[in-house]
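# Structural description and commentary
Listed below, chain by chain, are the residues.
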Amino acid sequence: MKFLVIRFSSIGDIVLATPAIRCLKKRYPDAELHFLTKKKMKAVTEANPYIDKFHYFDGDFRQMARELKAEHFDYIIDLHKNLRTLRLRFILRTKWYCYQKLSIRKFLLTKLHWDVMPDVHITARSLNTLLPLDVKDDGRGLDYFIWEKDRVNIKTLPEFLQQGYGAVVIGASYYTKKLPPEKLTELLDLLNCPVILMGGPEDKVIGEQIIGRTKNKNAWNGCGSFSLNGSADLIRQADWVISHDTGLQYIACAFNKRVMAVWGGTSPKLAVEPYYGTGQTVKYRNYIVPDLPCQPCSNFGLKSCPKKHFKCMRLQNVERIAQDALKGFENAAPMEM
């Protein structure tokens, strides 16, 4: 038997789909499990032991379709559901299972602020796609695997980080998902402990600006200095993680880290909050500015605030976030939401 699982992007969405991949392979251990994603997402899954063969889309749809058709798959699991996967469905013509994307409900939530979203996490919806194949959730949560060659030796970091540190993920794909630099500086001042700033090359300059302004002399800018898997390994070794709505947030969940999830233009109401599985201890808290009628304003994030005030991030209670990072929140009073 041969399966193809499709999830083209993004980093976070692919990580959120890993329980479906694992549970499918465990249910059919002798089957071939193939995975299709974008070429630039290769690092996210290349070390996953539950995947037998990879296929990558790099812009040439016809070539990709020919390659896939030659495999003669018995089942295709579509965890992306877009026009590209619809085209593949007509070309490959085999048994096809597709997850509930809930596009209309998300539109109603973000544009009309009419919340009709079901209380079902995106990871659970991916797993539910496999119910006709008698695949059940094992409760183990998310996966993230790192080759040994990509691991970061903590002794190569600045000395003040080598006895432990927290990770603050300052990057995200869109402006409305990120705390402004002045709020991040304020957050670092309040933390006053060893901290690594995490992000991609595009975040390096902002990271340097924050480091230059903060009173926290034990903060270090790691943005742009590591590969995706190097950054993931730093998350694995962190004591706790503060993160925007971005891929490293879910990677932190895969490593069972305590996560402070900061939400701006997007929201946990979109069924994408941190996920630990039914068999794991839940170790996260969401931080959302209460009583904002415009939040969430989008499904994926926007390049600017539609209302021009950006209150969803500018009014974030960074003092509470820092307190929960330093002292923990397992026994703290619930947050006002």
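Residues numbered from 1 in each chain as written. Predicted model: local features only at pLDDT ≥ 70, side-chain atom pairs only at ≥ 80, totals over all residues. Heavy atoms only, no water.

## Looking at the sheet that holds strand β1 (residues 2-6)
This is how it is decided: In this description, strands pair whenever DSSP reports at least two bridges between them. A run of H or I in DSSP counts as a helix once it spans at least four residues, and a run of E counts as a strand once it spans at least two, with each numbered from the N terminus. Each axis is a line fitted through C-alpha atoms, taken for helices only over the stretch in contact, and angles between the N-to-C directions span 0 to 180 degrees.
Reading across the sheet, the five strands line up as β3-β2-β1-β4-β5 and stay open at both edges, with parallel pairing between neighbours. The sheet terminates laterally at β3 (53-57) and β5 (95-98), the two strands that pair on one side only. Going from strand to strand, the sheet's axes swing by 20° on average, the running direction of each strand aside. Here β1 runs beside strand β4 (residues 75-78); their pairing, made up of four bridges, is parallel. Following the sheet pairing, Ile-6 is matched in β4 by Asp-78.

## Focus: the sheet that holds strand β8 (residues 219-221)
To keep it simple, the criterion reads: Here, residues are in contact when the closest pair of their heavy atoms is within 4.5 Å.
Pairing is parallel across the open sheet formed by six strands, whose spatial order is β8-β7-β6-β9-β10-β11. Every other strand in the sheet has two partners, leaving β8 and β11 (284-287) as the edge strands with one partner each. When the angles between neighbouring strand axes are averaged without regard to direction, this sheet yields 20°. The pairing of strand β6 (residues 166-169) with strand β9 (residues 241-243) spans three bridges and is parallel. In the strand pairing of β9, Ala-167 is matched with Val-241. Relative to the sheet, helix α8 (residues 181-191) contacts β6, β7 (195-198), β8 and β9, its axis offset from that of β6 by approximately 170°. Running at roughly 155° to strand β10 (residues 259-262), helix α11 (residues 247-254) makes contact with β6, β7, β9 and β10 of the sheet.

## Section: the environment of Phe-226
You can see Phe-226 is positioned in the loop between β8 and α10 (228-237). Once the C-alpha coordinates of Phe-226 and Val-152 are considered, the two residues, 74 residues apart in sequence, prove to be 8.9 Å apart. Dropping the residues within four chain positions of it, Phe-226 is found in contact with Val-152, Leu-157, Trp-220, Ser-231 and Leu-234.

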